[in-house]
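Structural characterization, general
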Amino acid sequence: MVVILLANGFEESEAIVPADMLRRAGVETVLAGVDGLQVTSSHNITVLADVTLDQVDPANVELAVVPGGLPGVNRLKAHAGVSAFLRKTAEGSAQLAAICAGPTVLAQLGLLEGVNAVCYPGMEKELTGAQARPGTQVVVDGRFTTCESAGSAFEFGLKLVERLKGREAAEAVAKAACFHGALS
C-alpha cells in the first residue's frame with residue numbers, strides 16, 4: 001500500500017496528482033490525514049482523507065509519500081506521530097518519496113544521509129546529510145524518490161508508478177492521462 005501524508009497546508013498537486021497516477025495504475029493508495037480526515041491545503045482547498053495516520057500500520061506500507069507545501073511541511077516536521085511513522089516505515093523495506101519541501105522532512109529525520117536528492121530550489125541547505133542535486137526534476141537513489149516541485153508532480157507520480165509497477169505501467173498511465181512529457 002502507498003500512503004500519502006496530508007497535513008493542513010499541504011500542496012494540492014503534490015499529493016493529488018501522484019495519488020491519481022498511482023490509482024490509475026491500480027496501486028492501492030491512501031491519503032492519510034495526520035490530524036484528522038478533513039485536511040485543508042495551502043491554497044484553501046479542503047479534501048477528505050481516506051484514513052487518519054494512526055489507522056495505518058507502517059508494516060503494511062510499500063511506499064510512503066511526503067508532499068510539500070507550506071505550512072504543511074512544518075506541521076509534518078513538528079508532528080511526533082509523523083516522525084514515528086516515517087522512522088518505522090524506513091526500518092522496513094518500504095520506499096520513501098517526497099516532493100518540493102517534503103524531502104526536508106525526511107532529511108530532518110536523518111533518513112537522507114548520503115542519498116542523492118532534490119528539493120524546492122533554495123531549500124537545499126535543509127537537505128541535511130543528502131547530496132543535493134539542484135536543477136533535476138526527479139531523483140531516484142536506492143529506495144528514495146525525490147522531486148523538485150509542484151511543476152513536476154506528473155513526472156513524480158509517473159516515476160512512483162514505474163518504481164512500483166514497471167515502465168510499461170507508467171507509460172500506459174501517461175498515455176491514458178494524455179501526458180505528453182518525457183518519463184524520467
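Remember, predicted model here, so these are calculated numbers, not experimental data.

Our focus in this paragraph is the overall build of the chain. From N to C terminus, the chain includes six helices and eleven strands. Computed over the C-alpha atoms, the radius of gyration of the chain is 15 Å, within 12% of the 16 Å expected from 2.2 N^0.38 for a compact globule of 184 residues. Each principal axis of the C-alpha distribution contributes one length, and for the chain these read about 40 × 35 × 35 Å. Within the span of the chain, comprising 184 residues, buried residues form 55% of the whole. A separation threshold of at least 6 residues defines the contact pool for the chain, and within that pool the share at least 24 residues apart is 61%. Surface summary for the chain: the accessible area is close to 7800 Å², and the carbon and sulfur share equals 49%. Charge separation in the chain, taken as the distance between the mean sites of 14 positive and 20 negative side-chain charges, equals 3 Å.

This paragraph deals with the pairing of strand β2 (residues 29-33). Most of β2 sits out of view: five of its five residues are buried. Neither face of β2 is exposed, since Thr29, Leu31 and Gly33 on one face and Val30 and Ala32 on the opposite face are all buried. In the sheet, strand β1 (residues 2-6) pairs with β2 via five bridges, with the strands oriented parallel. By the bridge assignment, Val2 is partnered in β2 with Thr29. At this point the chain moves from β1, through helix α1 (residues 12-24), to the parallel β2, and the crossover so formed is right-handed. Both β2 and strand β5 (residues 51-52) contribute to a ladder of two bridges, which runs parallel.

Another aspect to go through is the packing of helix α5 (residues 153-165) against helix α6 (residues 167-176). At their nearest, the axes of α5 and α6 sit 7 Å apart, and the two run at 145° to each other. In this structure, α5 crosses over α6, and the sense of that crossing is right-handed. The segment α5 lies against α6, with Leu158, Val161, Glu162 and Lys165 engaging Arg167, Ala169, Ala170, Val173 and Ala174. Of the residues contributing to the contact of α5 with α6, the split by class is six nonpolar, no polar and three charged.

Conventions and cut-offs
- Residues numbered from 1 in each chain as written.
- Predicted model: local features only at pLDDT ≥ 70, side-chain atom pairs only at ≥ 80, totals over all residues.
- Heavy atoms only, no water.
- Helix = DSSP H or I, 4+ residues; strand = E, 2+ residues; numbered from the N terminus.
- Rg over C-alpha atoms; globule rule 2.2 N^0.38 Å.
- Buried < 20%, exposed > 50% of the residue type's maximum accessible area, 1.4 Å probe, protein only.
- Contact = heavy atoms within 4.5 Å.
- Areas by Shrake-Rupley, 256 points an atom, 1.4 Å probe, with all protein chains shown as cover.
- Lys, Arg positive; Asp, Glu negative; His and termini not counted.
- Charge placed at Lys NZ, Arg CZ, Asp CG, Glu CD.
- Pairing = 2+ DSSP bridges.
- Right-handed = clockwise from strand over helix to strand, strands pointing away.
- Axes fitted to C-alpha atoms, helices over the stretch in contact; angles between N-to-C directions.
- Left-handed = near helix turned anticlockwise from the far one by under 90°.
- Nonpolar A, V, L, I, M, F, W, Y, C, P; charged D, E, K, R; others polar.

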